[in-house]
Structures are given as structure tokens and as C-alpha cells.
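Remarks on the overall topology
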Amino acid sequence: MIAYIEPYFLDNDADADADAAAGKSTDAVSESLNIKGTILFGRDAADIAGRDFGGMNCVKPLAVVKPVGPEDIAGAVKAALSSDKLTVVARGNGHSINGQAMAEGGLVVDMSSTAENHFEVGYLSGGSGTPFVDISGGALWENVLKRCVSEYSLVPRSWTDYLGLTVGGTLSNAGVSGQAFRYGPQTSNVTELDVVTGNGDVVTCSEMENSELFFSVLGGLGQFGIITRARVLLQPAPDMVRWIRVVYSSFDEFTQDAEWLVSHKDESSFDYVEGFVFVNGDDPVNGWPTVPLHPDHDFDPTRLPQSSGSVLYCLELGLHYKDSDSNSTVNKRVESLIGRLRFNEGLRFEVDLPYVDFLLRVKQSEKIAKENGTWETPHPWLNLFVSKRDIGEFNRTVFKELVKNGVNGPMLVYPLLRSRWDDRTSVVLPEGEIFYIVALLRFVPPYAKGSSVDKMVAQNQEIIHWCVKNEIDFKLYLPHYKSREEWVRHFGNRWSRFVDRKDMFDPKAILSPGQKIFNRCP
């Protein structure tokens, strides 16, 4: 079989005539691979999988496979196993930043074709009665949200900020948003997976069945298997959210209040806690105008103390409630919490909106970015986990100096609790119970030159190098490194476990070559 299809897979630099010949052979290749879905070659493949949201990498995949189900994905993996060079990567909605979901000269599995393969709500056995939903690894979280709410009045417990991402994509990293302090990341809210391993096996796994594979794949950066189905825990859906933002000039007070909110032992706190840094100025993209939640709200800088520095801090909070809750009841719950916070008086903003609209709040930003062209430009984003021990120093050097003029996009920073994460997954975290997620979500104006992107990437590297040099306890989230030494440092004492898992589930290093962790083994 592989001898027949190898010419198409290895002649990646062929001219248009060769591309056309490969295109004509699609049906024959599909039959040889025993794949029921569609295979695209040449320009069609490059149009789908040649770039990602980061926009800083451009590769030529040999082919894009649009599978019907897991058997097709296994077929692609087995074809690669029979080759000396082929690699395979799953592509969700293409939102990787540094080419992690790309495969130069390899097979890209377009998971969008499987999005509707699974959707079934049930209840866990064992008497807990906890509801769950079985969903496809290729399903978009925004569609999961809408269907769960409209058909069952249920919702997953943990989210990401942007929901135009696939289930398999976020579970292969972690999946973090403002609910993670209570429920943990999305990887802590899954009880069962169907996975296609790098050995070409289709396996059902859970904490009790094939547990090593289960925990390997969660946060495994696509290195051990491709998630085709996930069983995700649900809870009753609230109707409304009181969305609140409060402003701080003191980083110490900002972090102390945030840590107090996320450390409540019961559910008496807010249901959503995030935070961000913004420029102390009237810059419409980086400054004061980014804080108010409604066009009628005004940011009054005279409310700031004269001692305010180059940047300010905002806690973003959400309280869920039902339509049946009276306004006075909601107000009382809010004030019992917010009354203990030390934000700058007069710099509090709040609105009430439907729960689904709140979770889809980034959709409006996406719409604006598409209209002004910044959705299609490069996105040199940097995401890190930083320990509580070092977040103060990070603030003084990075927020108040290196990026004091902003990054032309959000600069998120808020605390998470290590006890909500499962150490058996492949995710690595800083030490300590409390650590912070930091996200510098840079957007590049359409008129910017390539040198602007290069400067942003260089600044990201400067931040990472500063962290390493000063022994900051940090881990990259959505990591991207280019050397084995850097990956070993990233995983620390978990590196040997990661390697052992690779040897077990993808010994030829076929999967996810874009991560640049392992080299393909002939």
C-alpha cells in the first residue's frame, strides 16, 4: 500500500503538474488508505492547513485528511507507520500560534469533519447522578454550549475565554478560563476519552480503564494520541450573569484580593474570576477605554491616586443567577463579596447579561477584529504560568517596564489553584498552591510591517530569557520550544515520564511534529 502512495507524499516540492497528478489520484489513494473520508492535496491542502492563527509559520502539508470517524484517523496513522518520513497531526480550528498543529510534508487530519459525530447526554453511574455529555473531539465549544443549554439546560463546568476552539484541541493543552479556580481546567472535567494512538490503535480510556493513556493525552500536546470523543461533566445552566470590573492602582492589593476570592472553600465566591493589566492612559486599544463594559460607562481617571504608575490592574468578576432570583438577592450576594475588596472607589463597572452571551463575549471582539483586519494578521501571543512567589517581580519587570505601553491586545493575569489540577496529566505547573496565568495577546495592525511582528516575537523571547536568567518559577502554557534542552527544562522532573509515555503510545514519533519535541523515527 505505502509503496503506491509514497510518490504523492514525498514529492512535496513538485510543480503544478505533479500536484494535478496527485489530485487525480485522490480516489485511488483514499482506497489504498482504506479511508472513507476525503483526502485533499496540493493547494487545497495548503489552503486549509498551511497556516494557523499565529500567522507566523507557513508549511506545505502533503495532504489533508477529512475523516468520517476514528477508523479513518487510524488509517492515516497506520499509513505513516509504514513510511519512513510521514507524520500526522490533528487540526481543530487552526488556533495554534507557533505551528503546533501543522505538519511539513505530513498528513493533517482536519477534525472539523467529525464535529457532529457525538452528542449524547447521560448520567454517571455509581449514584452521583452527575450529568455528562459525550462530544466529538472536533466539535467547537461554542456549539457544545448552545446545544447543551437549548436542549438540556445544562452546561460544562469549565471553559476557555474564546469558544471557537475544538474539544480535542483544548483538552490536549488544558483549557483555562475564569471558572478554573473552582472546577479546575477543562482537563479536570473529563471522565472518559476515545483516542487514536500513534500506534494506530483506537482506544477508550478513563481513570479506571487504560488510565496511563487517559492521563497522558490530557495536556499531552497531541504527542500521544488524537482525541475523537470526550465525556465532559455538566451542571445546571444559570440564566444570567452579573459581570463586574473593578480597577486597582496597587498590584499587591489586586493580587491579594484576587487570591482571597479564588481561595474560598465553598461556592460563596464569584463564579468567574479573571484579571488583566492595562495602560494608565487614554490609548483606545491598551488603556482606560478597554475597561468599561457598556457604551454609557465612562472611565474617570480623576478617581486614580496620584501615585498610580504606568499600568493599572482590573479584576473581572462574574456571578451566576437564575431568572427567578430577585434583584435585591443578587445585589446582596454581590455586595457581600465586593464590599471586602480594595479597588479604587468610583472605578467599578457592571452589567447583567444572559449566561450564553457572557460565555460568547469574545465573539464580539472576533467580529470587530475581522472587520478591521487584525484577525487575519499574525498573533505573536505569549502565555505563561508564573508562581505566586515570583508574580510580584514579574509585574515590576514585565508589566511595568517591558510592556508598559501595552501589547495592542489584552494582558491577562489572574490566580489559579494547583489543587484543582490533576498531577497525573501531562501538564506541568509552577510550584505552590497558587500560581498565575499570564497571557500577552498581541494583535498586529493590518498596516504594520513584518519588522513589527519580529519585534513582538523578540520581546516575547526577551521575557522568557529574563524568566530563565532570574530563575523565575514559570512554565509556558501552549508551549513552543525549538530545542531538546528547552523542552527538558520545561518538563523538569516530569521529562522522563513524558518520554516514557511517548515510547509507549507513539514510539515512532509520528504525531504532532509541529511541537518540535521529538524527531520522527524511521
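- The name an unreviewed UniProt entry assigns to the protein chain is cytokinin dehydrogenase, from the organism Cardamine amara subsp. amara.
- Looking at the Cofactor (unreviewed entry) heading of the UniProt record, one finds this comment for the protein chain: "FAD".
- Here the protein chain is described in UniProt, under the heading Catalytic activity (unreviewed entry), as follows: "N(6)-dimethylallyladenine + A + H2O = 3-methyl-2-butenal + adenine + AH2".

**Re the overall build of the protein chain**
- Looking only at helices and strands, one finds 17 helices and 18 strands in the protein chain.
- In summary, the protein chain has a C-alpha radius of gyration of 23 Å against a globular reference of 24 Å for 522 residues, a match within 12%.
- By its C-alpha atoms, the protein chain is 70 × 60 × 45 Å across when sized along the principal axes.
- The buried share of the protein chain, taken over its 522 residues, is 58%.
- Look at the contacts in the protein chain between residues 6 or more apart in sequence, and 74% of them connect residues 24 or more apart.

**A closer look at the pairing of strand S4 (residues 107–110)**
- The alternating pattern of S4 places Leu-107 and Val-109 and Val-108 and Asp-110 on opposite faces, both of which are buried.
- Bridging between strand S2 (residues 63–66) and S4 involves three bridges; their strand directions are parallel. Note that in S4 the partner of Val-64 across the bridge is Val-108.
- Pairing analysis gives four bridges linking strand S3 (residues 88–91) to S4, with the strands arranged parallel. Across the sheet, residue Val-89 finds its bridge partner in S4, namely Val-108.

**Some remarks on the sheet that holds strand S15 (residues 382–387)**
- In space, the eight strands of this open sheet follow the order S14-S11-S13-S12-S16-S17-S15-S18, with antiparallel pairing throughout. Of all strands in the sheet, those bounded by a partner on one side alone are strand S14 (348–354) and strand S18 (474–476). Within this sheet the neighbouring strands show an average axis-to-axis angle of 20°, counted without direction.
- Inspection of the sheet shows S15 paired to strand S17 (residues 434–440) by six bridges, in the antiparallel sense. Across the sheet, Asn-383 pairs through a bridge with Ala-439, a residue of S17.
- Lying on the sheet, helix H10 (residues 251–262) is in contact with strand S11 (240–248), strand S12 (272–279), strand S13 (311–321), strand S16 (411–417) and S17; it crosses S13 at an angle near 20°.
- Where helix H14 (residues 388–402) meets the sheet, its contacts fall on S12, S13, S15, S16 and S17, and the angle it forms with S15 comes to roughly 135°.

**Things to note about the pattern of salt bridges**
- In the structure shown here, the tally under the stated rule is 27 salt bridges.
- Across the salt bridge formed by Arg-229 and Glu-192, the nearest N and O atoms sit 2.6 Å from each other. Here Glu-192 lies in strand S8 (residues 190–197) and Arg-229 lies in strand S10 (residues 225–236), a separation of 37 residues in the sequence.
- By relative accessible area, which is 16% here, Glu-192 ends up buried.
- The residue Arg-424 makes a salt bridge to Asp-422 at a minimum N-O spacing of 2.8 Å.
- We classify Arg-424 as partly exposed; its relative accessible area is 37%.
- The class for Asp-422 is partly exposed, based on a relative accessible area of 25%.
- Shared partners join several salt bridges into a network, and the residues in it are Asp-134, Glu-192, Asp-194, Arg-229 and Arg-231.

**Regarding the side chain of Ser-136**
- By secondary structure assignment, the location of Ser-136 is in strand S6 (residues 131–136).
- Separated by 2.6 Å, the side chain of Ser-136 and the backbone oxygen of Thr-114 make a polar contact.
- Once residues lying within four places of it in the same chain are set aside, the contact partners of Ser-136 are Thr-114, Ala-115, Asn-117, His-118, Val-167, Thr-228 and Arg-229.

**A look at helix H13 (residues 361–372)**
- What H13 keeps buried is the set Arg-361, Glu-366 and Ala-369. All buried residues of H13 fall inside an arc of 140° around its axis, so they share one side.
- Trailing H13 by a residue or two, Gly-373 shows a phi angle of about 90°, which is positive.

**Some thoughts on the packing of aromatic side chains**
- Going through the model one piece at a time under the given rule, you end up with 31 aromatic pairs.
- For the pair Phe-394 and Phe-399, a centre-to-centre distance of 5.5 Å together with 75° between the ring planes defines the contact as edge-to-face.
- Ring geometry for Trp-487 versus Phe-491: centroids 6.0 Å apart, planes at 25°, classification stacked. With Trp-487 and Phe-491 both in helix H16 (residues 484–491) and four residues apart, this pair spans about one turn of that helix. Exposure class is identical for Trp-487 and Phe-491. Each is buried.
- An aromatic cluster is present here, built from Phe-224, Tyr-481, Trp-487, Phe-491, Trp-495, Phe-498 and Phe-518 joined pairwise through their rings.

**Description of the environment of Ile-510**
- For Ile-510, the position within the fold is in the segment after helix H17 (495–505).
- Distance from Ile-510 to Pro-522, taken between C-alpha atoms, is 9.6 Å for residues 12 residues apart in sequence.
- With sequence-adjacent residues up to four places away left out, Ile-510 is seen in contact with Val-77, Ala-80, Leu-81, Leu-86, Thr-87, Val-88, Gly-198 and Arg-520.

**Re the nonpolar core**
- By size, the foremost hydrophobic cluster in this structure holds 107 residues, and its most contacted members are Leu-193, Leu-315 and Phe-394.
- The residues contacting Leu-315, other than those within four sequence positions of it, are Ile-244, Arg-245, Val-246, Tyr-248, Phe-254, Asp-257, Ala-258, Leu-261, Val-273, Glu-274, Gly-275 and Leu-341.
- Core analysis: the next-biggest nonpolar cluster, separate from the first, contains 20 residues, Phe-41, Val-65, Ile-73 and Leu-86 among them.

**With respect to the sheet that holds S3**
- Taken in spatial order, the four strands line up as S1-S2-S4-S3 in an open sheet, and their pairing is mixed. Bordering the open sheet on either side are strand S1 (38–40) and S3, each of which pairs with just one other strand. Put simply, the sheet's adjacent strands are angled 25° from each other on average, direction ignored.
- Sheet strands in contact with helix H4 (residues 42–49) are S1, S2, S3 and S4, and its direction is about 70° off that of S2.

**Things to note about the pairing of S10**
- Counting buried positions along S10 gives 11 out of 12 residues, so the element sits mostly inside the fold.
- Inspection of the sheet shows S6 paired to S10 by five bridges, in the antiparallel sense. Each residue of the ladder has a partner; that of Ile-135, found in S10, is Ala-230.
- As judged from the three bridges shared by strand S7 (residues 154–156) and S10, these two strands associate in the antiparallel manner. Bridge pairing links Val-155 to Gln-235 in S10.

What counts and what doesn't
- Residues numbered from 1 in each chain as written.
- Predicted model: local features only at pLDDT ≥ 70, side-chain atom pairs only at ≥ 80, totals over all residues.
- Heavy atoms only, no water.
- UniProt positions renumbered as here; feature names shortened; annotations may be inferred.
- Helix = DSSP H or I, 4+ residues; strand = E, 2+ residues; numbered from the N terminus.
- Rg over C-alpha atoms; globule rule 2.2 N^0.38 Å.
- Buried < 20%, exposed > 50% of the residue type's maximum accessible area, 1.4 Å probe, protein only.
- Contact = heavy atoms within 4.5 Å.
- Pairing = 2+ DSSP bridges.
- Axes fitted to C-alpha atoms, helices over the stretch in contact; angles between N-to-C directions.
- Salt bridge = Lys/Arg side-chain N within 4 Å of Asp/Glu carboxyl O.
- Polar contact = N/O pair within 3.5 Å; in protein donor to acceptor, adjacent residues only side chain to side chain.
- Arc of directions from axis to C-beta.
- Phe/Tyr/Trp six-rings, centres within 6.5 Å; stacked < 30°, edge-to-face > 60°.
- Core = buried A, V, L, I, M, F, W, Y, C linked by side-chain atoms within 4.5 Å.

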